[in-house]
Amino acid sequence: MKVLNIGSCNIDYIYEVNHMVRPGETQTVQNLQVVSGGKGLNQSIALAKAGVDVYHAGLIGKDGTLLKETLERYDVKTDYVHEVEGPSGHAIIQIDANGENSILVYPGANHLFDEQKIDGLFTHFEAGDLLLLQNEINEMPLIVNKAYEKGFKIAINPAPFNDQIKQIPLHLVDYLILNEIEGQDLTKETDDFKVLEKLKTMYPKTHLLLTRGSKGVLYAHEDVMIEQSAYKVEVVDTTAAGDTFIGYFISGLVRDLSMDDILKLASLASSITVTRKGSSTSIPTLEEVLKKQAKEKSEIGK
Ligand code: RIB
């Protein structure tokens, strides 16, 4: 089974702020990091760091050399990362003193997908391959319909939540991975368990994952429901924590682990990400995750 991630590549401008900038306020910022990011790129890097062979398909501008080089540095396959006219996508990220973030995304090249590019890409893959998607590229409804026809297993992280989500045939998706806010937007429920119940009625065949920050993650599929708590850590920056979770979650599927083990692995990985500043730069390697897992086990044994 090949893993294809069609997703965004953004140049992330990360600013450390005292507080999120308010309407009408100008704030002088002392610390700026410029790194490769985008939910798509981050998830491909998380997959690669977790030891999975992943093909990233993405569009970048002439200014996007760093993005392709970053993917290649982590051994993500970039045969389907293409340069197009216009600027790459970028994100302006504020990180406040509590490690919370606030993100503005300009799609740029990420919104230049079209039917011809998608058809060309799909000819390199076959039924049973896994397609991972987020919601930072255009043509998502078309991609999901075509991927379903082709027989891909489809995993979607519908983030960021916007009007395009309502056009995506989510009932065709095998794995839907979303956070509390996205779950609330989709179901109009506020309680996490009610969100999950409603999602089950909306998408009865889909494996559902609701990530809940410090409250952990809920998984539901048919009669199975698993609640995985979050590992307690000191949070420095939550950026890319969700992307890390998703990359490691898919790696567990590829390695055919049990759902319990997959949720533990993905939660451990994202608990490391939040202790570090940065986006793609803060995603841990499998070795780091396994080391932390061994430490957790030995502490439980004490
Ligand atoms: O999930 C984090 C990512 O969201 C950042 O890297 C930024 O580019 C935005 O897409």
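Scroll up a little and you will see the structure.
Residues numbered from 1 in each chain as written. Predicted model: local features only at pLDDT ≥ 70, side-chain atom pairs only at ≥ 80, totals over all residues. Heavy atoms only, no water.

Novice: Sorry if this is basic, but what is going on with the packing of helix α6 (residues 180–187) against helix α7 (residues 192–202) here?
Specialist: Between two packed helices, both the angle of their axes relative to each other and the distance between the axes serve to describe the pair. At a minimum axis distance of 9 Å, the contact between α6 and α7 shows a crossing angle of 55°. Taken as axis vectors, α6 and α7 run oblique relative to one another. At the point where α6 passes α7, the crossing takes the left-handed sense. Residue-level contacts link E180, G183, Q184, L186 and T187 of α6 to D192, V195, K198, L199 and M202 of α7. Of the residues contributing to the contact of α6 with α7, the split by class is 4 nonpolar, 3 polar and 3 charged. (Axes fitted to C-alpha atoms, helices over the stretch in contact; angles between N-to-C directions. Helix = DSSP H or I, 4+ residues; strand = E, 2+ residues; numbered from the N terminus. Parallel < 35°, antiparallel > 145°, perpendicular 65-115°, else oblique. Left-handed = near helix turned anticlockwise from the far one by under 90°. Contact = heavy atoms within 4.5 Å. Nonpolar A, V, L, I, M, F, W, Y, C, P; charged D, E, K, R; others polar.)

Novice: Looking at this structure, how should I read the sheet that holds strand β4 (residues 54–60)?
Specialist: Note on sheets: strands pair through backbone hydrogen bonds, and any given pair is parallel or antiparallel. Read from one edge to the other, the open sheet built from 9 strands follows the order β5-β4-β1-β8-β9-β10-β11-β12-β13, with strand pairing classed as mixed. Here the strands that pair on one side only, and so sit at the sheet edges, are β5 (77–83) and β13 (224–228). Direction aside, the axes of adjacent strands within the sheet are offset by 15° on average. Pairing of β4 with β5, which is carried by 5 bridges, proceeds in the parallel orientation. Residue pairing for β5: Y55 is matched across the bridge by K77. (Pairing = 2+ DSSP bridges.)

Novice: I would appreciate a short explanation of the packing of helix α3 (residues 115–122) against helix α4 (residues 140–150) in the present structure.
Specialist: Running from amino to carboxyl end, α3 crosses α4 at an angle of 30°, the nearest separation of the two axes being 11 Å. Accordingly, the angle class assigned to the pair α3 and α4 is roughly parallel. Two packed elements cross with a definite hand, and for α3 against α4 that hand is right-handed. Side by side, α3 and α4 meet where E115, I118, D119 and F122 of the first sit next to L142, I143, K146, A147 and K150 of the second. Class assignment for the residues of the contact of α3 with α4 results in 5 nonpolar, no polar and 4 charged.

Novice: I tried to follow the pattern of salt bridges on my own but got confused; where do I start?
Specialist: Tallied over the entire structure, the rule returns 12 salt bridges. Between K166 and D163 there is a salt bridge, with the nearest N and O atoms lying 3.2 Å from each other. Placement of the pair is K166 and D163 together in helix α5 (residues 163–167), with a separation of 3 residues, close to one helical turn. In this pair, the class of K166 matches that of D163, namely exposed. Across the salt bridge formed by E227 and R212, the nearest N and O atoms sit 3.6 Å from each other. (Salt bridge = Lys/Arg side-chain N within 4 Å of Asp/Glu carboxyl O. Buried < 20%, exposed > 50% of the residue type's maximum accessible area, 1.4 Å probe, protein only.)

Novice: So what exactly am I meant to see when it comes to the nonpolar core here?
Specialist: Side chains of nonpolar character tend, in soluble globular proteins, to be buried together. In this structure, F245, F249, I250 and L263 are the most contacted members of the largest nonpolar core, which totals 43 residues. With 8 residues, the single largest contributor to this core is helix α9 (residues 259–273). Not counting residues within four places of it along the chain, the set of residues in contact with F249 comprises Y175, I177, L209, M259, I262, L263 and A266. By size, the runner-up hydrophobic cluster in this structure holds 39 residues, among which are V84, I118, I137 and L186. (Core = buried A, V, L, I, M, F, W, Y, C linked by side-chain atoms within 4.5 Å.)

Novice: Help me understand the pairing of β13, please; the structure alone is not making it clear to me.
Specialist: Along any regular strand, the residues point their side chains to alternate faces of the sheet. Summarising the sheet, strand β12 (residues 217–221) and β13 pair through 5 bridges and their orientation is antiparallel. Note that in β13 the partner of L218 across the bridge is E227. What sits between the antiparallel neighbours β12 and β13 is a turn of 2 residues, in which E222 has the positive phi angle 50°.

Novice: So what exactly am I meant to see when it comes to the side chain of N10 here?
Specialist: In this structure, N10 sits in strand β2 (residues 10–16). Assessed through its relative accessible area of 1%, N10 is described here as buried. A polar contact is formed between the side chain of N10 and the side chain of N110, at a distance of 2.9 Å. Once residues lying within four places of it in the same chain are set aside, the contact partners of N10 are V35, S36, G37, G38, L67, G89, H90, A91, V105, Y106, N110 and E136. (Polar contact = N/O pair within 3.5 Å; in protein donor to acceptor, adjacent residues only side chain to side chain.)

Novice: Hey, could you run me through the packing of aromatic side chains in this one?
Specialist: What describes a pair of aromatic rings is the distance from one ring centre to the other and the angle between the planes of the rings. The final tally for this structure, using the stated rule, is 7 aromatic pairs. When the ring of Y55 is compared with that of Y80, the centres are 5.9 Å apart and the planes differ by 35°; the resulting orientation is tilted. On the criterion of sequence distance, the pair formed by Y55 in strand β4 and Y80 in strand β5 is long-range, its members being 25 residues apart. Exposure remark for Y80: the relative accessible area of 15% places this residue in the buried category. With a centroid separation of 6.3 Å and 40° between ring planes, the pair formed by F125 and F152 is classed as tilted. On the criterion of sequence distance, the pair formed by F125 in the loop between α3 and β8 (130–134) and F152 in the loop between α4 and β9 (153–157) is long-range, its members being 27 residues apart. Summarising the burial analysis for this pair, F125 and F152 share the class buried. Joined through ring pairs, the aromatic side chains of Y55, Y80, F122, F125 and F152 make up one cluster. Here K77 stacks its cationic end above the ring of Y55, 5.8 Å away from the centre of that ring. (Phe/Tyr/Trp six-rings, centres within 6.5 Å; stacked < 30°, edge-to-face > 60°. Lys NZ or Arg CZ within 6 Å of the ring centre and 35° of its normal.)

The values are spatial; any link to function lies outside them.
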